[in-house]
Structure formats: C-alpha cells, structure tokens
Amino acid sequence: IPGILLAIALVAVLGGGKIAYVKPIRSEQVHDLYPEAPELQPGLQLFALHAADGYFRILGRVDDVINVAGHRLGTKELESACLTVVEVAEAAVVPVVDEVKGRVPEIYISLKPGYAATKEITDKIISTIETMIGKIARPKAVHIVSDMPKTRSGKIMRRVLAAISNTLDTGDIT
C-alpha cells in the first residue's frame, strides 16, 4: 500500500488536542481529506495531534524513538521539553549507546542571542526534562553549541550529531 499515514492509540491529552500514534491509512484517503497534502513516503508513520478544530497536526516520525532501558522516549518530546527553557533557541536529541540501558539521549542545544553557556542553563534543561518527562529521560550529556549542522534547507542533521556522540564517521556532510 503506497503512502502510509495516520492515527490509532490515544497517548495523552494536551489542552484541547489529543496526541495519537499514527495508524496506516492509504495515501489516497489522505488526499481525499486533504487534497493539498504532499505525496507520502511509503511506509512512513508519524505522530499526529488531533486538534479541537478537527485537523491533524503532524508532530514527528514514529521512528524517532529512543529505547532507554525498555522505556520508549520520543526525541521530539525531549526536544520540545528543552525548548520550554527560555534561553534555548534550538534543540536536537540523539541516541547514544550505553552499556547498562542500551541507549540514552544526548542533547545538543543552541542558545538565543544574548545568552552564554553556563552550568545553570545545563542544569535547568536537565531539571525540565526530568519534570516534564521523567527521570528515565535524563540525558547522558547536554552540549551547548554555537550552531547546529544543517542541510541546505535548514533542517538539523541529527545523523551527524549522532555520529559525533557515538564516535562514528559523520559521512558526507557537504
């Protein structure tokens, strides 16, 4: 079935919307509902927010999940928690191999102009994650960087950050 997309199990309620795991439906059905929707990648599954106005807002991909000691953590959840810290401009979360837990999150942060990297900001980020998500989501490290590696279209190159964190070859970054 080409182009798989939308929603099943209710995960949480945020304000007026519901966060749902994504369930396969045919891309033709999506295009019947949303004719302006782009062509979908076959097999793609996403997290979606079913808003009070009836529309689905795509939040992220289901495959962006880190399995920490049997707990499945979404990288977008962790990044969103980081972005609630006032000083943070951008956040990226990557999985790092851990001998005990299997994988753990490692966080890269760039700060808004006018803020300098301090231990207080790092502690605030860790505290925010522990409060919003739980202690199981505590990152192995928080790296405050001046800029993130990005594609020409401005997307953060998480694979490069993951390679750096896991001491692997970054591959082609041109």
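Counting from 1, residues in each chain are numbered in the order their sequence is written. This being a predicted model, a pLDDT of at least 70 is required before a residue's local features are given, and a value of 80 or more before pairs of side-chain atoms are given or counted; all residues contribute to the totals for chains, interfaces and linings. Remark: hydrogens and water are excluded; side-chain values derive from all non-hydrogen atoms of the structure.

*Asks:* Looking at this structure, how should I read the pattern of salt bridges?
*Replies:* Basic side-chain nitrogens of Lys or Arg form a salt bridge, by our definition, when they fall within 4 Å of a carboxyl oxygen of Asp or Glu. Taken as a whole and assessed by the stated rule, the structure comprises seven salt bridges. With its nearest N and O atoms 3.0 Å apart, the salt bridge here joins Lys-119 to Asp-123. Separated by four residues within a single helix, Lys-119 and Asp-123 lie in helix H3 (residues 119-132), roughly one turn from each other. With a shortest N-O distance of 3.6 Å, Glu-130 and Lys-135 are connected by a salt bridge. For Glu-130, a relative accessible area of 16% puts it in the buried group. When accessible area is computed with a 1.4 Å probe and restricted to protein chains, residues below 20% of their type maximum are described as buried, those above 50% as exposed, and intermediate ones as partly exposed. Given the relative accessible area of 61%, Lys-135 is considered exposed. Numbering goes from the N terminus for both helices and strands, where a helix is a DSSP run of H or I of at least four residues and a strand is a run of E of at least two.

*Asks:* When you look at the nonpolar core in this model, what are you seeing that I'm missing?
*Replies:* When a protein is soluble and globular, its nonpolar side chains tend to lie buried together. Side-chain atoms within 4.5 Å link the members of a nonpolar core, which is a set of buried Ala, Val, Leu, Ile, Met, Phe, Trp, Tyr and Cys residues. Grouped together as the largest cluster of nonpolar side chains are 21 residues, with contacts concentrated most on Cys-82, Ile-107, Ile-109, Ile-125 and Ile-129. Mapped by element, the contributors of at least two residues to this core are strand S5 (65-68), helix H2 (75-83), strand S7 (88-98), strand S8 (102-111) and H3. For this analysis, residues touch if any pair of their heavy atoms sits within 4.5 Å. Once residues lying within four places of it in the same chain are set aside, the contact partners of Ile-109 are Cys-82, Val-88, Glu-90, Ala-91, Ile-125, Val-142, His-143, Ile-144, Val-145 and Met-148. Counting residues in hydrophobic clusters, the runner-up holds seven residues, among them Ala-92, Val-94, Tyr-108 and Ala-162.

*Asks:* Honestly, H3 in this entry has me stumped. Any pointers?
*Replies:* Take the residue count of a helix, subtract one, and multiply by 1.5 Å to get its expected span. Helix length check: H3 (14 residues) gives 20 Å between terminal C-alpha atoms against 20 Å at 1.5 Å per residue, within 8%. Residues of H3 that are buried include every one of Ile-121, Thr-122, Ile-125, Ile-126, Thr-128, Ile-129 and Glu-130, and no others. Once H3 ends, the next one or two residues include Gly-134, with phi positive near 135°.

*Asks:* Any chance you could explain the pairing of S7 here in plain terms?
*Replies:* Working note: regular strand, side chains alternate between the two faces of the sheet. Here S7 runs beside S8; their pairing, made up of ten bridges, is antiparallel. From the neighbouring strand, Val-88 faces S8, where its bridge partner is Leu-111. Counting the residues that bridge the hairpin from S7 to S8 gives three residues. What makes two strands pair is DSSP finding at least two bridges between them.

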